[in-house]
Structure formats: C-alpha cells, structure tokens
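The primary structure of each chain is shown beneath.
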Amino acid sequence: MTTSGSSLPVSPPIRAGEALRKKLAKIGLHSEADLLVHLPLRYEDETRITPVGRALGGEAVQVEVVVHSNEVQFRPRRQMIVRAADTSGEITLRFFSFYPSQQATLSEGSRIRAFGEVRGGFFGNEMVHPRFRKVGEDEPLPGQLTPIYPTTAGLANSALQKLIGQALVAGDLSETLPEDLRRRLKLPGLARSLRFLHTPPPGTDLDTLHARNHPAWRRVKFDEVLAQQLSLRRAYLARREQGAPVLVAQEDLGARLLDRLPFALTGAQLRAMAEIADDLGQPYPMQRLLQGDVGAGKTIVAALAACQAISAGWQAAFMAPTEILAEQHYLKLKEWLEPLGVHVAWLSGSLKSKARREQLAATAAGAQLVVGTHALIQEGVDFARLGLAIVDEQHRFGVAQRLALRKKGDNPHQLMMSATPIPRTLAMSYYADLDVTVLDELPPGRTPIKTRLVADSRRQDVVGFIRKHVEEGRQAYWVCPLIEESEALQLQTAQDIYEQLSVDLPELTVGLVHGRLKADEKQAVMAAFAAGQVDVLVATTVIEVGVDVPNASLMVIEHAERFGLSQLHQLRGRVGRGQYESSCVLIYAGPLGEIARRRLKIIFEHTDGFEIARQDLQIRGPGEFVGSRQSGVPLLRYADLDMDADLVEMAREVAEDMLAGHPELAERHLRRWLGAREELLKS
Ligand code: ADP
Ligand code: MG
C-alpha cells in the first residue's frame, strides 16, 4: 500500500514568501497540516504588564517601555544595548546577536513590549535577549497565554503564531478517530484539543499546560503514537503481500539434530521452534525477532530453523557481528551439522584469498549453511538459493546491513536474534513490524550468578578469589575497562593487567585477547581457553557477546562503573553456563557519579535481563536502546514511551482495527501526523 496512489487531497503548502518558507522547512513545516501539529514548547503570560520599578530579579515578566537610546558596543564583545524606561523606572535590553531589522524596531522613541527574565546588572535592571515587539500606545493586551513554539534562527515566535492562527481557521481539523472509539478511550476531539493547545483560553493554569497530562495533550500524544503504529502495521501487512520461498522440510534433519544433542530443549525453545517452523512454511517472508536473555539458548533454535531450510532444499546464512562470535558459531554448527551431512561454509574478513575463493565458490554452488561476519554481505558473495537469513545480536547491525543480507536472496525469511531485552512498550514501537518470540526460560541446572562489588583498593582479594576458583578446576575471565577515548590506552591497560596477573598468579596460565590481535591469533587464544589450557583470560570487551565456555565460572570486570547496564549484563552472562556455581566480581573505582552508582546497584540487585532493561530505560531514555535500528521512535515528538506506555498499548489495538475497518480514516490520520516523515520509517 502506498500513499502516492491515494485519491486523498494532500494538505496545502504553507502560503508564505520564499524566504519564510525556507525557514519553515528547516523545522519540518511544509504544509498547513504540519503547522497545525506544531505544538508549543511552553507558554508565557503576556496578559499583564509589570512596571519596570516593580519587576523582581529572576522573574519572567512583560514590561512596556519607550526606547531612549540604542547603541552597538564592541567591547568586551559585540552587543546591542538598548536603554528604555516606563514611568516607574529604567531597564537595559541587551542583545548579543541581532538583525538590522531588529535594530530598526528598537530605535529611539519606539514603544516596546518586552518579555523576559529581569536581572540586576551593572547598569541596574536588565533583560538579556528578551522577546519583544513594537506596539502602539494603549494597545490591548492579549487575553490569553502566549504559546512559545520550537523555532529556528530568524523565525520569530510571533510569525509562527500568526501562521498557525491562520491554519487553525482555514486548515483541516477533521476528526480521524471514530466517535465511539474516542468515547471509549475518553479522549477529547482533535479540533478542540489543537485549538486549546495553540490558544489556551484565558485563565488556563500555566502549570496544567506545562505538565502535559491535560486531556488535550493526551489526545495529541495518542494521535502521534497511533500514526506510528499505523505505519508500522501497514509495513507489516505489506510484507505479507510479498512472496517467499516456502520452506517445507523434505526429510527430518532437525529431528536428527535433536537426537544427537546432549540436552533436551526447554519449553520456551520448543515453542520458539514451532513458531518459526510455522512461519517458514508460509508463502510470505518471515521477519521474526527471537529475544532471549543471555544464555537462553538461541543458537540451537536458529540451527533448527536452518535445518528446516536446508532440508527443504534451500541455503541458510548465519551472520554474527564479531569475528570471535561468528567463529564460535561456525565451530558449533559444524559440530552439530556436519555429521548429518550438511556442508557448512565459513566467510570472514580475515580469510586468506585462496580460502576465501573456495568458500565463495562453495556458497555460490549451494553450500547449505554459510556462517560468517559482515563478510557475508559484501559484494561478490553470491548464494545459489538463499532461503533463510539469520542475524545474531541483530542490534549490533544497521538496517542497511540486515537488508543487504536479505538482498542476497529473493525475499528470504529472516530470523533476528537479540539478547538485549527491551521493555514491552519500546518493543512495540521499535518492532511493531516484526513478529517477536521471547525465550523466557533458561535451560535447567543453571546456578544463579553471585554478583559482588569490590572497591579497587581491595583488588588483591580478587586475585585470591581467582586462585581459589582455578584450584577447584574452574576458569575465569578478567575484562578490562572500556576506554572510549583511546583504543591504544585500552590495549595498554589490558597488557598491564595481563602482566600483573601473570606475576601475581605464577602457578596459573594467563591468556590475553583483544581487538588488535589477528584473527588466527584470537582464535588460538579462544580455542586454548575453551579447551581449558588457559586458566584466566584477560580480555578487552571483544568477548562481550556470545562467547560460551561452560567451565568458566568467574567473571571479573574492572572499572565496572564505566560500562553500560546491558554490557554488564551481557558480560556477566558469559559465566553461569555450566553446572558450577558462578560469580561476577565488579571492581569499581570511586568517586562514583550518580548514574554509575545507580547502574551498579541495579546490576547488583537484579539478574533478570528484562528487569535490568526496564530500569536502564529509565536511566538512559529510549534513544540509545536498540542500536541503530531505524524505527518509529524518531517520529515521536510529544509522546514519551516510558511515561505514555498506556497510550502505546491502546494505539496498537486501535491501529489494527482501524486499518481493517476504516482504511480511509487511517490514511488521513497518517497523512496528518507523518506526512513526508513517514519515509523515516522505511527499513
Ligand atoms: P544465547 O541465547 O545467549 O545465544 P546459547 O545459544 O549460546 O545462548 O546457549 C548457551 C549455552 O546453553 C550453550 O552452551 C548451549 O549449548 C546450551 N543450551 C542451549 N539450550 C540448552 C538446553 N535446552 N539445555 C541445556 N543446555 C542448553
Ligand atoms: Mg548467542
């Protein structure tokens, strides 16, 4: 479904001169409809005039004064100084940037109303950069609060106010929510809400308006969230119109794999497997996100999906964000599938050219499973018949990269995996165009991980703790601090820690792995660790995702205060994978900032990834949450996914019903709220 084919009228462009139109476009205002939903940031009270002599410092007031001098000074910096007075006293208006037209308006003898905060300056009372406007004598005061709009340089609030006022009279304020629905949701009408917010009636309380929980604000936020949900839902439905390979297994490769596994699938894994199996048999492309906490066992679910594609006669691709992780998947999948006669190919950036040519040829000739890093999506990689694209740790990839993998086939199915659990309302906004499966159960027999916080001054205790673990036959990770400013410094720190530990623990074998190592060097260290030949692995954050060594039961994280919550959770999830009691030691160095303190408290108190994510959202806000996935969120200007979670829930249901029952209204709604911005959503 595209909007271009629709017969609905497009909102008329704003009637204004070229220069003004350009400025408006800068802040996304192109049409009358855009103006109508350009809502005030706040309001100011210009219904009263305060005599200059009675204005108190620190208070925002309006004064009406006559200019008696206006000069531009250059010292200490260029500024325009306007001296003005009313009958009660004098005031200075100071501007550090100004246009010639403003200079003219503020010329000697002009009567001005200025609004701003008064403060005591060297020359007595002054206002810095007040909003002002020239008035005649006895000009009536506005009867209502003044809306202050988001704007850009050179675009006066009063100009916006005027244009919006015109749009309120001439523009399309027609209702897009069916009456019964509005009543059920207890939302006021749109026209009424917009008029109220642009021109609040006299006597409206400033605090009420600013708090944004007034019914009019709720209506606006609901509309906005609904537009987002409509748009995502439409994309979801459009996908179902596309054809895709129907992956019906011809032999039961999956069952044979299950037979050979040393464990039985959890209930959650079985459910996920069934959902995916069903999707793969549909004639439209699956786009499913498999979410499961660290260690929930997503890999085997993906492998079983691959089995279905393979036994239906198609190829599967498995892409992971780092070399270490991809390699580990490759080895694991080979171990699982090669004995069943599956050809597993391997593509990574570090392959030598001969090996690379061989793997490319195998891929083009139809190797049944191709595992790799970003190398999979490069030019020159051709699949014979790609039926299923699997992306691990999907939030580490950009939209374009995931799309590039899909493009390697003809509408292949896609399975994305993520261990970064995101809260429900966020998921509904970010992933409303996807189907989501959650692995909400960990494999049995995992012992909970004990988390300890240790001050840096007591790090020797940690060394002793490691010794004890290794004596019991276990292994440990020691993760070095993240040093964002300098990779070299980070490397140096890792090197130092490695050397210090080698000295402190002479009887143990200490290994070191970091991002600068060549791929085969990295591989050798990881293999030695996996084989139990290395007792303590010192690592930079390269091990953050996916590494799986069940015998490692101690995770030490140095300068834990520098890590984000999801990173800490991921790192901690590297242990507790076997039957051994596991610990995570967070070494921190003070003084701790407020946010760092909160993070450490959360990670100390909680082990459930979803709960951690929920709290993380409160600290960080939704912006950084899901990596680079483009989403509906940039479209939200007024609604807040955390505070307005209930609206998101409501909007999701309404969007489905509306597209089915009132497609015309849905279309009009989208037009109004998204306009050209809907392009942002395409991914
Ligand atoms: P993640 O969801 O973090 O990707 P993995 O797929 O790496 O988790 O699985 C973590 C570990 O748990 C692996 O060693 C895997 O073989 C093992 N595992 C997966 N499913 C089960 C299960 N049902 N029972 C026991 N162990 C399992
Ligand atoms: Mg994984």
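Here, the structure is the one placed above.
Thresholds applied
Residues numbered from 1 in each chain as written. Chains lettered and ligands numbered in written order. Predicted model: local features only at pLDDT ≥ 70, side-chain atom pairs only at ≥ 80, totals over all residues. Heavy atoms only, no water. Helix = DSSP H or I, 4+ residues; strand = E, 2+ residues; numbered from the N terminus. Contact = heavy atoms within 4.5 Å. Areas by Shrake-Rupley, 256 points an atom, 1.4 Å probe, with all protein chains shown as cover. Lys, Arg positive; Asp, Glu negative; His and termini not counted. Charge placed at Lys NZ, Arg CZ, Asp CG, Glu CD. Axes fitted to C-alpha atoms, helices over the stretch in contact; angles between N-to-C directions. Parallel < 35°, antiparallel > 145°, perpendicular 65-115°, else oblique. Left-handed = near helix turned anticlockwise from the far one by under 90°. Nonpolar A, V, L, I, M, F, W, Y, C, P; charged D, E, K, R; others polar. Near = heavy atom within 4 Å. Polar contact = N/O pair within 3.5 Å; in protein donor to acceptor, adjacent residues only side chain to side chain. Pairing = 2+ DSSP bridges. Buried < 20%, exposed > 50% of the residue type's maximum accessible area, 1.4 Å probe, protein only. Phe/Tyr/Trp six-rings, centres within 6.5 Å; stacked < 30°, edge-to-face > 60°. Disulfide = S-S within 2.5 Å. Expected span 1.5 Å × (residues − 1). Salt bridge = Lys/Arg side-chain N within 4 Å of Asp/Glu carboxyl O. Arc of directions from axis to C-beta. Core = buried A, V, L, I, M, F, W, Y, C linked by side-chain atoms within 4.5 Å.

Asks: Can you walk me through the overall build of the protein in this structure?
Replies: When you go through the protein residue by residue, the secondary structure sums to 23 helices and 22 strands. Pairs at least 24 apart in sequence give 76% of the contacts found in the protein among residues at least 6 apart. Summed over all atoms, the accessible surface of the protein reaches about 30,500 Å², with 51% contributed by carbon and sulfur. When the 81 positive and 84 negative side-chain charges of the protein are each reduced to one mean point, those points stand 3 Å apart.

Asks: How should the packing of helix α11 (residues 298–311) against helix α12 (residues 323–337) be read in this particular structure?
Replies: Running from amino to carboxyl end, α11 crosses α12 at an angle of 55°, the nearest separation of the two axes being 11 Å. Classified by the interaxial angle, the pair formed by α11 and α12 is oblique. Judged by the sense of rotation from one axis to the other, the crossing of α11 with α12 is right-handed. Here α11 contributes T299, I300, A303 and C307 to the contact with α12, which in turn contributes H329, L333, W336 and L337. By residue class, the composition of the contact of α11 with α12 is six nonpolar, two polar and no charged.

Asks: How do you make sense of the site of ligand 1 when you look at a structure like this?
Replies: Close to ligand 1 lie 16 residues; G295, K298, T299, R446 and D548 are nearest. A distance of 2.8 Å separates a nitrogen atom of ligand 1 from a polar backbone atom of A264. If ligand 1 stood free it would expose 570 Å²; the protein chains cover 87% of that surface. Its residues assigned to classes, the shell around ligand 1 comprises six nonpolar, five polar and five charged.

Asks: I'm lost on the sheet that holds strand β12 (residues 344–347) in this one. Help?
Replies: Strands in a sheet are paired, the pairing made by backbone hydrogen bonds, and the direction either parallel or antiparallel. Pairing in this open sheet of seven strands is parallel, and the strands run β12-β13-β11-β14-β15-β10-β16 from one edge to the other. Since the sheet does not close on itself, it has two edges, and those belong to β12 and β16 (435–439), each with one partner. Strand-to-strand twist in this sheet, taken as the mean axis angle between neighbours without regard to direction, amounts to 20°. Across four bridges, the pairing between strand β14 (residues 386–391) and strand β15 (residues 413–418) is parallel. From the neighbouring strand, A389 faces β15, where its bridge partner is Q414. α12 contacts β11 (315–319), β12 and β13 (369–372) of the sheet and is inclined by roughly 170° relative to β12.

Asks: Would you mind showing me how to read the side chain of S110 here?
Replies: On the secondary structure map, S110 appears in the loop between α3 (100–105) and β5 (111–117). For S110, the side chain forms a polar contact with the main-chain oxygen of T105, separated by 2.9 Å.

Asks: Explain the side chain of R288 to me, please; I cannot follow it from the model alone.
Replies: Summarising the element assignment, R288 is placed in strand β10 (residues 287–292). For R288, a relative accessible area of 8% translates into the label buried. Among the polar contacts made by the side chain of R288, one reaches the side chain of D279 at a distance of 2.7 Å.

Asks: Help me understand the packing of aromatic side chains, please; the structure alone is not making it clear to me.
Replies: Here the distance between the centres and the angle between the planes together describe a pair of aromatic rings. Following the criterion strictly, the structure yields four aromatic pairs and no others. Between F95 and F132, the ring centres sit 5.6 Å apart and the planes meet at 80°, which makes this aromatic pair edge-to-face. Separated by 37 residues along the polypeptide, F95 in strand β4 (residues 89–95) and F132 in strand β8 (residues 131–134) bring together distant segments of the chain. In this structure F132 comes out as buried when scored by relative accessible area, which is 19%.

Asks: Quick question: what am I supposed to make of the environment of A317 here?
Replies: Note on placement: A317 falls in strand β11. It is 4.8 Å that separates the C-alpha atoms of A317 and V370, two residues lying 53 residues apart in sequence.

Asks: Hey, could you run me through the state of the cysteines in this one?
Replies: In a disulfide, the sulfur atoms of two cysteines are held together by a covalent bond. Applying the stated criterion across every chain, the model contains zero disulfides. Cysteine C480 shares no disulfide, and the gap to the nearest cysteine sulfur, in C584, comes to 14 Å. For C480, a relative accessible area of 0% puts it in the buried group.

Asks: When you look at α11 in this model, what are you seeing that I'm missing?
Replies: Over its 14 residues, α11 extends 20 Å from the first C-alpha to the last, a length consistent with the 20 Å expected when each residue adds 1.5 Å. Burial within α11 is extensive, with 13 of its 14 residues counted as buried. Positive backbone phi, at 95°, marks G313, one or two positions downstream of α11.

Asks: Sorry, what's going on with the sheet that holds strand β3 (residues 79–86) here?
Replies: Strand order in the open sheet made by the seven strands is β6-β7-β4-β3-β2-β5-β8, with mixed pairing throughout. The outermost strands of the open sheet, each flanked by one partner alone, are β6 (119–121) and β8. When the angles between neighbouring strand axes are averaged without regard to direction, this sheet yields 40°. Relative to β8, β5 runs antiparallel, the two being bridged by four bridges. Along β8, the bridge assignment pairs I112 with K134.

Asks: Teacher, can you tell me more about the environment of Q368 here?
Replies: Along the polypeptide, Q368 turns up in the loop between α13 (353–365) and β13. With a relative accessible area of 27%, Q368 lands in the partly exposed category. Sequence separation between Q368 and E581 is 213 residues, and the spatial gap between their C-alpha atoms is 39 Å. Ignoring any residue separated from it by four or fewer positions in sequence, one finds Q368 in contact with I310, W314, Q315, A316, G341, V342 and H343.

Asks: Please explain the pairing of β3 as it appears in this structure.
Replies: For a regular strand, side-chain orientation follows a simple rule: the groups alternate between the two sheet faces. Among the eight residues that make up β3, seven are buried, leaving the element largely enclosed by the rest of the structure. Relative to β3, strand β2 (residues 60–73) runs antiparallel, the two being bridged by seven bridges. Note that in β3 the partner of V67 across the bridge is A84. Between the end of β2 and the start of β3, which pair antiparallel, lie five residues.

Asks: How should I be thinking about the pattern of salt bridges in this particular structure?
Replies: When the charged atoms of two side chains with opposite charge come close together, those side chains can pair. This model, assessed by the stated rule, comprises 34 salt bridges. Close ionic contact of R182 with E179 constitutes a salt bridge, the shortest N to O distance being 3.7 Å. Here R182 and its partner E179 are both found in helix α5 (residues 179–185), three residues apart, which amounts to about one turn of the helix. Among the residues examined, E179 registers a relative accessible area of 40% and is labelled partly exposed. Among the salt bridges present, the one from D223 reaches R219, with a minimum N-O distance of 2.7 Å. Placement of both D223 and R219 in helix α8 (residues 215–239) is noted, with a separation of four residues, approximately one turn of the helix.

Asks: Please explain helix α20 (residues 594–605) as it appears in this structure.
Replies: Along an α-helix, residues three or four positions apart point the same way, because every turn accommodates 3.6 residues. Spanning 12 residues, α20 covers 17 Å between terminal C-alpha atoms, matching the ideal 16 Å at 1.5 Å per step. Within α20 the residues assigned to the buried category are A596, R599, L600, I602 and I603. On an axial view of α20, the arc spanned by its buried residues comes to 160°, and they lie on one face.

Asks: Looking at this structure, I do not really get the nonpolar core. What am I missing?
Replies: One recurring pattern in soluble globular proteins: nonpolar side chains tend to sit buried together. Core analysis: the biggest nonpolar cluster contains 122 residues, and L257, L337, L369, L388 and L415 have the highest contact counts within it. The greatest single-element share of this core, amounting to 10 residues, is contributed by α11. Discounting residues that sit within four places of it in the chain, L415 has contacts with I276, M286, R288, L290, A302, A305, L388, A389, I390 and V391.

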